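Residue-level structural notes
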Amino acid sequence: MDERTHIISALVEHKPGVLQRVAGLFTRRGFNIDTITVGESEKEELARMTIIAQGDDKVLEQITKQLNKLVDVIKVRDLEMETTVKRELCLIKVHAPQEKVRSEVIQYASIFRGRIIDVSPETLTVEITGDPEKIQALIDLLKNFGIKELARTGPTAISRGIKTI
């Protein structure tokens, strides 16, 4: 079977230790997590985890079964790429001491629908949200100016329409 990227959405109890137990499960089974994001869900007592992992369908089935065995996990679903909205946040601090450089960085940020969120005498910090490929394209452009710091959240995802987990 072919390896592919899986977007796993898990609704879990919002309490200490749950993230560690989920990550530990992946470690024990020898599965690698490409990215993981966790945050509040629509229900106060629950959190939503978005886990991006590589593997064939057999690996996905194993992961899903193991996640469902954890007491703190309420529901697990493999989100299909075609019916999923996926976004990421990235903060990029760029070396921009000259006005010409600042102007170019601001233009690029604007083209990519990013915003300048911090200005110092030597740097500009750009905030961008969107699909990971869009973010990578902006990063690639800004590398020419000298990226001082970069922080990416990794994708978080939700299914389109009214289907929920």
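Predicted, not measured: the structure shown is a model, and the values here were computed from it. (Residues numbered from 1 in each chain as written. Predicted model: local features only at pLDDT ≥ 70, side-chain atom pairs only at ≥ 80, totals over all residues. Heavy atoms only, no water.)

1. Brief notes about the environment of R113
For clarity, the threshold we go by: Helical segments are the DSSP runs of H or I of at least four residues, strand segments are the runs of E of at least two, and each set is numbered from the N terminus. Burial classification: accessible surface area is computed with a 1.4 Å probe over protein chains only, and a residue below 20% of its type maximum counts as buried, one above 50% as exposed, and the rest as partly exposed.
With respect to the helices and strands, R113 occurs in the loop between α3 (99-111) and β6 (115-119). Classification of R113 as exposed rests on a relative accessible area of 72%. The sequence separation of R113 and T35 amounts to 78 residues, and the corresponding C-alpha distance is 24 Å.

2. Quick notes on α3
As a reminder of what qualifies: To estimate the expected span of a helix, count its residues, drop one, and scale the result by 1.5 Å. Note that the arc is computed from the directions linking the helix axis to the C-beta atoms. Contacts: residue pairs with any heavy atoms within 4.5 Å of one another.
End to end, α3 covers 18 Å across 13 residues, agreeing with the expected 18 Å (1.5 Å per residue, within 8%). Listed in full, the buried residues belonging to α3 are V101, R102, V105 and A109. Buried residues of α3, viewed axially, fall in a sector of 100°; they line one side. What points out from α3, more than 90 degrees from its buried face, is the exposed set E99, K100, Q107, S110 and I111. The secondary structure elements touched by the buried residues of α3 are β5 (84-95), β6, β7 (123-130) and α4 (132-142). One or two residues past the end of α3 sits R113, with phi positive at roughly 60°.

3. Topic: the side chain of T84
Where we set the bar: Pairs of N or O atoms within 3.5 Å make up the polar contacts considered here, provided that, within protein, one atom can donate a hydrogen while the other can accept it, and that residues adjacent in sequence are counted only when both atoms are side-chain atoms.
Within the fold, T84 resides in strand β5. Side-chain polar atoms of T84 contact the backbone oxygen of E80, separated by 2.5 Å. Discounting chain neighbours no more than four positions away, the residues touching T84 are I7, L79, A157, I158, S159 and R160.

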